[in-house]
Amino acid sequence: MSTREFSAVAVDPETGWSPGKSLVQKITAGQGYDITPQLVSAVAEGLGVDREIIAAAAHLQVIGYTDAELADGPPAKLIRILGTEGGSDDKARAIAERWDREA
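Values in this document were obtained by computation on a predicted structure and should not be read as measured data. (Residues numbered from 1 in each chain as written. Predicted model: local features only at pLDDT ≥ 70, side-chain atom pairs only at ≥ 80, totals over all residues. Heavy atoms only, no water.)

## Describing the overall build of the chain
Stated formally: For the purposes of this entry, the term helix denotes a DSSP run of H or I that reaches at least four residues, the term strand denotes a run of E that reaches at least two, and both are numbered from the N terminus. Only protein chains enter the accessibility calculation, which uses a 1.4 Å probe. A residue is then buried if its area is under 20% of the maximum for its type, exposed if over 50%, and partly exposed in between.
Looking only at helices and strands, one finds 6 helices and 0 strands in the chain. When the helices and strands of the chain are listed from N to C terminus, the series reads α-α-α-α-α-α. Per-residue burial over the chain gives 27% buried out of 103 residues.

Structure below.
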């Protein structure tokens, strides 16, 4: 999918906001950008992933976790994060268990 195609499908359902292709390019290149609630929602829509997952990933990115720090027990850490966002513990646990199986 091109950055233009992703921009077309990555639309925040509440506001209708969509990241431009230049912002998508910044994100994929690992350049600096601001993470906003609208961006989180738009990326979730564009990827077809639950918003809670994108929000947890953004949170982890902002506070500086690395893959190595998440190697031991990421499902437990993500359950705590998703639980604070008002999500169901059962739903968070199911997501974490799926990720653990896929790892």
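## Looking at the side chain of Asp12
For the record, the criterion: The definition of a polar contact used here is a pair of N or O atoms within 3.5 Å, where within protein one atom must be able to donate a hydrogen and the other to accept one, and adjacent residues in sequence count solely through side-chain atom pairs.
On the secondary structure map, Asp12 appears in the loop between helix 1 (3–9) and helix 2 (21–29). In this structure the side chain of Asp12 is engaged in a polar contact, spanning 2.8 Å, whose partner is the side chain of Thr15.

## As for the side chain of Ser7
The line we're drawing: The criterion used for residue contact is that any of the two residues' heavy atoms lie within 4.5 Å.
The residue Ser7 is located in helix 1 in this model. For Ser7, a relative accessible area of 11% translates into the label buried. A polar side-chain atom of Ser7 sits 3.3 Å from the main-chain amide nitrogen of Lys21. Once you skip the residues sitting within four places of it in the chain, Ser7 turns out to touch Ser18, Pro19, Gly20, Lys21 and Val24.

## Considerations on the nonpolar core
To keep things clear, this is the line we draw: Buried residues of nine kinds, namely Ala, Val, Leu, Ile, Met, Phe, Trp, Tyr and Cys, make up a nonpolar core once their side-chain atoms join them within 4.5 Å.
Among the nonpolar cores identified, the biggest contains 8 residues, and these are Leu23, Leu39, Val40, Val43, Ala44, Ile54, Ala55 and Ala58. Taken together, the elements giving at least two residues each to this core come down to helix 3 (37–47) and helix 4 (51–63). For this core, the element with the highest residue contribution is helix 3, accounting for 4 residues. Beyond its immediate sequence surroundings of up to four residues, Ala44 is in contact with Val49, Asp50, Arg51 and Ile54.

## So, the environment of His59
Positionally, His59 belongs in helix 4. Along the sequence, His59 and Ile35 sit 24 residues apart, while their C-alpha atoms lie 9.1 Å from each other.

## Side note on helix 3
Burial in helix 3 covers these residues: Leu39, Val40, Ser41, Ala42, Val43, Ala44 and Gly46. The secondary structure elements touched by the buried residues of helix 3 are helix 1, helix 2 and helix 4. Immediately beyond the C-terminal end of helix 3, within one or two residues, lies Gly48, with a positive phi of roughly 70°.

## Concerning the packing of helix 3 against helix 4
The following threshold applies: Only the stretch in contact is used when fitting a helix axis, every axis being a line fitted to C-alpha atoms; angles between N-to-C directions are given from 0 to 180 degrees. In this scheme, roughly parallel covers angles under 35 degrees and roughly antiparallel covers those over 145, while 65 to 115 is roughly perpendicular and the rest are oblique. Whether a crossing is left-handed or right-handed is set by the direction in which the near helix is turned from the far one by less than a right angle, anticlockwise for left-handed and clockwise for right-handed. In this classification, Asp, Glu, Lys and Arg are treated as charged, Ala, Val, Leu, Ile, Met, Phe, Trp, Tyr, Cys and Pro as nonpolar, and every other residue, Gly included, as polar.
Contact geometry for helix 3 and helix 4: axes closest at 8 Å, N-to-C directions at 125°. As the angle between them shows, helix 3 and helix 4 are arranged oblique. Note that helix 3 runs across helix 4; the crossing there is right-handed. Residues Pro37, Val40, Ser41, Val43, Ala44 and Leu47 of helix 3 touch helix 4, and the partners they reach there are Arg51, Ile54, Ala55 and Ala58. Considering only residue class, the contact of helix 3 with helix 4 consists of 8 nonpolar, 1 polar and 1 charged.

## So, a nonpolar patch on the surface
We apply this condition: Each patch is assembled from residues with relative accessible area greater than 30% and no salt bridge, linking like charges that lie within 9 Å and nonpolar side chains (Val, Leu, Ile, Met, Phe, Trp, Tyr) that lie within 5 Å. Only the protein chains shown count as cover for residues, and the accessible areas themselves come from Shrake-Rupley with a 1.4 Å probe. In what follows, salt bridge is the name for a side-chain nitrogen of Lys or Arg lying within 4 Å of a carboxyl oxygen of Asp or Glu.
On the surface, Ile35, Val62 and Ile63 cluster together to form a nonpolar patch covering roughly 260 Å² of accessible area. For Ile35, a relative accessible area of 32% gives the class partly exposed.

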